[in-house]
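Structural features, examined
This is what each chain is made of:
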Amino acid sequence: MKLIDIIRDANNNLFRSKARTILTIIAIFIGAMTLTITNGIGEGVSKYIDKQLGNLGAEDVIVVQPKMEDAFSTGPKKYDADRVSTDAGYGIAMPLLQDKDITDVASVRGVMSAEPLLSAAADYVVGPNNEKYQLTIAAYISGTNLELASGRLPDNGSSNNEITLPFEYAAALGFDTPQNAVDKQVTISITSASGEKQDVNATVVGVQEKSLVSLGGANVNETLIRNLSAFQSKGKPETAPQGYMAVIARVQKGVSETEMTRIKNDLREKGYQAQTIQDRIGLFKQVIGAIIAVLNFFAVIALIAASFGIVNTLLMAVQERTKEIGLMKAMGLSGGKIFLQFSIEAILLGFWGSLLGSIAGIGIGQIANHYASDTFLKDLPGFMLTSFTPASVAVIMLIIMAIAFIAGTVPARRASRKNPIEALRYE
Amino acid sequence: MPTNVISTDKLTKVYGKKETSFTALDDISISIAAGESVAIVGKSGSGKSTLMHILALLDRPTSGTVKVGARDASKLSAKQLDSIRNKTFGFVFQQFFLNGNDTVLNNVTLPLKIAGVPRKLRNERGLEMLKAVELEDKVDSKANDLSGGQKQRVVIARALANNPKIIFADEPTGNLDSRTGKTIENLLFSLNKKKGITLVIVTHDEELAARCDRQLKIEDGRIISGGKQ
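Along each chain, numbering runs from 1 in the same order as the chain's sequence is written. Here the convention is simple: chains get letters from A, ligands get numbers from 1, in the order in which they are written. pLDDT decides what is reported in this predicted model: residues at 70 or higher carry local features, side-chain atom pairs at 80 or more are listed and counted, and totals for whole chains, interfaces and linings draw on all residues regardless. The side-chain figures draw on all heavy atoms in the structure; neither hydrogens nor water molecules are used.

Structural notes on the overall build of chain A
Only runs of H or I of at least four residues qualify as helices and only runs of E of at least two qualify as strands under DSSP, and these elements are numbered from the N terminus. Secondary structure summary: chain A contains 12 helices and 14 strands in total. Only protein chains enter the area calculation, which uses a 1.4 Å probe; residues under 20% of their type maximum are buried, those over 50% are exposed, and those in between are partly exposed. By residue count, 45% of the 427 residues in chain A fall in the buried class. Accessible area for chain A stands at about 21100 Å²; split by element, carbon and sulfur atoms hold 59% of it. A 1.4 Å probe and the Shrake-Rupley method give the accessible areas. Residues count as covered only by the protein chains that appear here.

Brief notes about the confidence of the model for chain A
Interpretation of this model should avoid reading the predicted coordinates in detail wherever pLDDT is low. Averaged over all residues, the pLDDT of chain A equals 85, while 90% of them reach at least 70. Averaged pLDDT values for the elements of chain A fall to 62 in strand S2 (residues 84-87) of chain A and rise to 94 in helix H11 (residues 390-416) of chain A. Each residue gets a pLDDT score, which is the predictor's confidence in that residue and runs from 0 to 100.

Here we look at the pairing of strand S10 (residues 214-219) of chain B
Residues and elements named next belong to chain B. The two faces of S10 differ: Arg214, Leu216 and Ile218 on one face are buried, but Gln215, Lys217 and Glu219 on the other face are not. Across three bridges, S10 lies against strand S11 (residues 222-225) in antiparallel orientation. Residue pairing in the sheet places Lys217 in a bridge with Ser225 of S11. Here, any two strands with at least 2 DSSP bridges between them count as paired.

Looking at the domain arrangement of chain A
Taken domain by domain, chain A holds domain 1 (3-53 + 284-425) and domain 2 (59-276). Each domain's limits were defined by an automated method or a database of domain assignments. Distance between the C-alpha centres of domain 1 of chain A and domain 2 of chain A: 51 Å.

Section: the packing of helix H1 (residues 3-14) of chain A against helix H10 (residues 335-374) of chain A
All names here are of chain A. Here, axes are lines fitted to C-alpha atoms. For helices the fit covers the stretch in contact, and angles between N-to-C directions go from 0 to 180 degrees. Where H1 meets H10, the closest approach of the two axes is 9 Å, and the angle between their N-to-C directions is 60°. With respect to each other, H1 and H10 are oriented oblique. Relative to H10, the crossing made by H1 is right-handed. When H1 is examined against H10, the residues Leu3, Ile6, Ile7, Asp9, Ala10, Asn11, Asn13 and Leu14 are found in contact with a partner set consisting of Lys337, Leu340, Gln341, Ile344, Glu345, Leu348, Leu349 and Trp352. All amino acids are sorted into three groups, where Ala, Val, Leu, Ile, Met, Phe, Trp, Tyr, Cys and Pro are nonpolar, Asp, Glu, Lys and Arg are charged, and the leftover types, Gly among them, are polar. In terms of residue class, the contact of H1 with H10 is made up of 10 nonpolar, three polar and three charged. Note on angle classes: values under 35 degrees are labelled roughly parallel, values over 145 roughly antiparallel, values of 65 to 115 roughly perpendicular, and the remainder oblique. What makes a crossing left-handed is the near helix being turned counterclockwise from the far one by less than a right angle; a clockwise turn instead makes it right-handed. Pairs of residues are marked as contacts when any of their non-hydrogen atoms sit within 4.5 Å.

Considering the packing of aromatic side chains
Classification of ring pairs uses Phe, Tyr and Trp, with its six-membered ring standing for Trp, and accepts pairs whose centres are within 6.5 Å; under 30 degrees between planes counts as stacked, over 60 as edge-to-face, and the remaining range as tilted. Across all of its chains, the model carries eight aromatic pairs over all chains by this definition. Between Tyr133 of chain A and Tyr169 of chain A, the aromatic rings sit 6.3 Å apart at their centres with planes inclined by 75°, giving edge-to-face as the arrangement. Within this pair, whereas Tyr133 of chain A is found in strand S6 (residues 132-133), its partner Tyr169 of chain A is found in helix H4 (residues 167-172), the two being separated by 36 residues in sequence. Here the aromatic rings of Phe351 of chain A and Trp352 of chain A are separated by 5.1 Å at their centres, their planes lie at 65°, and the arrangement is edge-to-face. Owing to a relative accessible area of 26%, Phe351 of chain A belongs among the partly exposed residues under this scheme. Through a chain of ring-to-ring contacts, three or more aromatic side chains come together here, namely Phe89, Phe91, Phe93, Phe97 and Phe168 of chain B.

Notes on a nonpolar patch on the surface
A patch is a set of surface residues, each over 30% in relative accessible area and not in a salt bridge, joined within 9 Å for like charges and within 5 Å for the nonpolar side chains Val, Leu, Ile, Met, Phe, Trp and Tyr. One speaks of a salt bridge when a side-chain nitrogen belonging to Lys or Arg is within 4 Å of a carboxyl oxygen belonging to Asp or Glu. Taken together, Val287, Ile291, Val294, Leu295, Phe297, Phe298 and Ile301 of chain A make up a surface patch of nonpolar side chains, about 660 Å² in accessible area. Mapped onto the elements of the fold, Leu295 of chain A is located in helix H8 (residues 277-320).

Quick word on the nonpolar core
With 70 residues, the main nonpolar core has Leu51, Leu55, Phe89 and Phe168 of chain B as its most contacted residues. With eight residues, the top contributor of residues to this core is H8 of chain A. Those residues in contact with Phe168 of chain B that sit more than four places away from it in its chain are Ile6, Met52, Leu55, Ala56, Phe89, Gly90, Phe91, Val92 and Val200 of chain B. Residues Val41, Ile184, Leu191 and Leu208 of chain B belong to the second largest nonpolar core, which totals 38 residues. Buried Ala, Val, Leu, Ile, Met, Phe, Trp, Tyr and Cys residues that are joined via side-chain atoms within 4.5 Å together make up what is termed a nonpolar core.

What about the side chain of Thr36 of chain A?
All names here are of chain A. Tracing the chain through its elements places Thr36 in helix H2 (residues 18-56). Looking at Thr36, its side chain comes within polar contact range of the main-chain oxygen of Ala32, at 2.6 Å. Once residues within four sequence positions are removed from consideration, Thr36 is found in contact with Gly357, Ser358, Gly361, Ile362, Phe388 and Ile396. Throughout this description, a polar contact denotes any pair of N or O atoms lying within 3.5 Å of each other; where both atoms belong to protein, one of them has to be capable of donating a hydrogen while the other can accept it, and for residues adjacent in sequence the pair is counted only when both atoms sit in side chains.

Thoughts on the layout of surface pockets
The distinction between a cavity and a pocket rests on a 1 Å grid over the protein atoms alone: a 1.4 Å probe fits inside a cavity but cannot get out, while a pocket stays open yet meets protein on both sides within 12 Å along at least five of seven lines, and a residue with an atom within 4 Å of a point counts as lining. Grid points are joined across faces, edges and corners, and a volume is the space filled by probe spheres set on the points. In this structure, the second largest pocket encloses a volume near 740 Å³. If you go around the second largest pocket, you meet 30 residues; those closest to its centre are Asn13, Arg16 and Glu324 of chain A together with Asn99 and Asp102 of chain B. If you list the elements that add at least two residues to the lining of the second largest pocket, you get H1, H8 and helix H9 (322-330) of chain A together with helix H3 (104-108), helix H4 (110-115) and helix H5 (119-132) of chain B.

Here it is as structure tokens:
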């Protein structure tokens with residue numbers, strides 16, 4: 001029997017008892033649709049993150065921090081006078097890096113330079129409308145590509161105080177448009193360790209686009225962060241903890257992935273936590289990935305339930321067609337071909353269910369995209385909630401057809417083993 | 001001496017295990033010549049259907065040999081057996097075993113489809129066979145819409161599709177009234193005469209048996225007459 005005839009017969013046989021077949025297909029359809037949607041969300045999110053990562057740049061930067069195990073240890077740690085910690089709130093002591101750590105990091109082969117990541121905590125920022133707002137300040141790391149709504153990135157080579165503001169701050173501080181804020185002055189107020197207050201003027205060089213990556217902080221250039229942090233530590237008692245939260249290590253631009261991993265491992269061996277910016281965002285991606293995996297797991301459970309429907313449907317079909325199977329075997333059709341025919345029926349059930357399911361899933365995904373970008377994703381331009389590629393839809397369909405095939409082997413085996421004489425006698 | 005299409009040597013068939021065993025066929029040695037028409041007659045339970053199943057290679061004997069032409073069936077692979085049943089044998093059953101929802105033509109071409117003949121070719125051949133049984137006007141009818149006699153003619157057309165050497169018929173007229181039964185008988189015997197197709201007919205219809213060249217009478221699994229040519 002030719003394969004094309006087997007496939008044609010299998011499809012015709014399926015639709016001999018329409019109601020039963022359609023009900024089975026609906027069960028697969030539900031699983032397939034769920035899997036398509038959850039996968040679509042996963043792809044939509046990671047596509048967005050990838051896009052953000054692509055914008056990020058600074059591939060030559062490793063953020064080096066003290067190992068967190070020191071802070072969140074599982075057991076009591078021996079006191080070490082050389083290890084300095086700062087109070088990070090909630091009674092958690094954050095270990096700090098010292099100058100000797102900086103030389104230590106710089107000594108790792110492949111690290112071109114190591115500089116402390118300076119930090120400063122502003123009391124507030126004030127703009128033309130004289131409204132005071134809290135502001136998180138981050139030192140701008142050269143090579144990082146922030147998405148900008150207007151202006152340019154902070155210049156670490158400049159001797160002026162430069163700042164880029166988060167998108168919402170432009171309006172809050174009294175600028176009509178993001179474009180309007182560029183080249184205007186804002187004032188940052190800080191307090192030194194001795195309680196002295198100072199206002200520092202900074203030039204707004206750009207306004208950051210809303211994005212998951214910038215996480216709502218302002219970026220300032222080196223001149224500004226030095227000014228702020230120098231003033232902030234003024235009058236700090238000698239005994240107070242001294243040090244840095246992180247050190248920025250730069251490596252050769254365009255370094256290979258294996259070399260990067262080697263450098264990170266060397267740093268880890270020295271007792272540091274080493275992450276590229278990609279790694280830090282990768283963590284976020286991992287969390288999303290885990291959520292999607294759980295959702296997919298439920299969809300697969302639905303598919304497994306549906307596969308019992310396939311077994312049931314085909315067992316009934318084998319029972320009904322016992323005589324027909326007997327006749328075909330008597331006429332010289334091999335057991336293998338009969339197995340193939342029922343397997344193909346199972347695969348076709350999977351095919352129709354997954355085809356309709358993915359079409360419905362993509363349809364729902366498009367509607368959800370439309371809804372999401374008008375509502376809760378309004379603040380994240382370019383973020384499509386769901387995304388579908390032909391390859392991933394094809395993979396889902398193949399997985400479902402494979403599940404259907406496995407389910408079909410039970411009835412197909414039974415059909416192929418029928419004894420033609422007994423099958424022909426069967427009433 | 002005419003060549004044998006099928007012969008058996010000391011054929012036995014035993015069902016079940018030791019104490020509860022039942023001997024369905026006992027020491028059967030027969031040969032059927034090409035072009036012969038043979039009736040296997042006997043009461044129900046005598047073993048005539050079992051014999052036909054073994055001759056048609058649908059079942060295997062417990063001991064003894066079956067030869068198809070010169071080939072020992074026990075030495076053939078499953079694939080070879082399938083091929084013989086498909087190309088050398090034609091089957092006519094009492095209950096027709098037609099696929100009622102399918103067209104007459106598709107029912108007739110089933111053995112050709114199993115043989116892997118391309119669709120166009122098998123439809124041509126199927127039409128030819130339907131002409132031979134005078135049912136060419138029913139080509140596209142559903143098999144269910146036919147009368148009993150028409151159905152049996154479709155079954156014969158199906159049995160002829162692969163141009164077989166032997167037709168095995170199990171009570172071919174059992175489900176038909178006597179007039180329709182006669183038509184079917186005439187059809188089978190004309191195929192026997194004109195095309196030289198060997199007929200092996202299982203029946204308890206004495207009249208039908210009498211029309212055959214030879215009657216193999218079987219009782220309690222043994223041939224009681226007609227075994228020797």
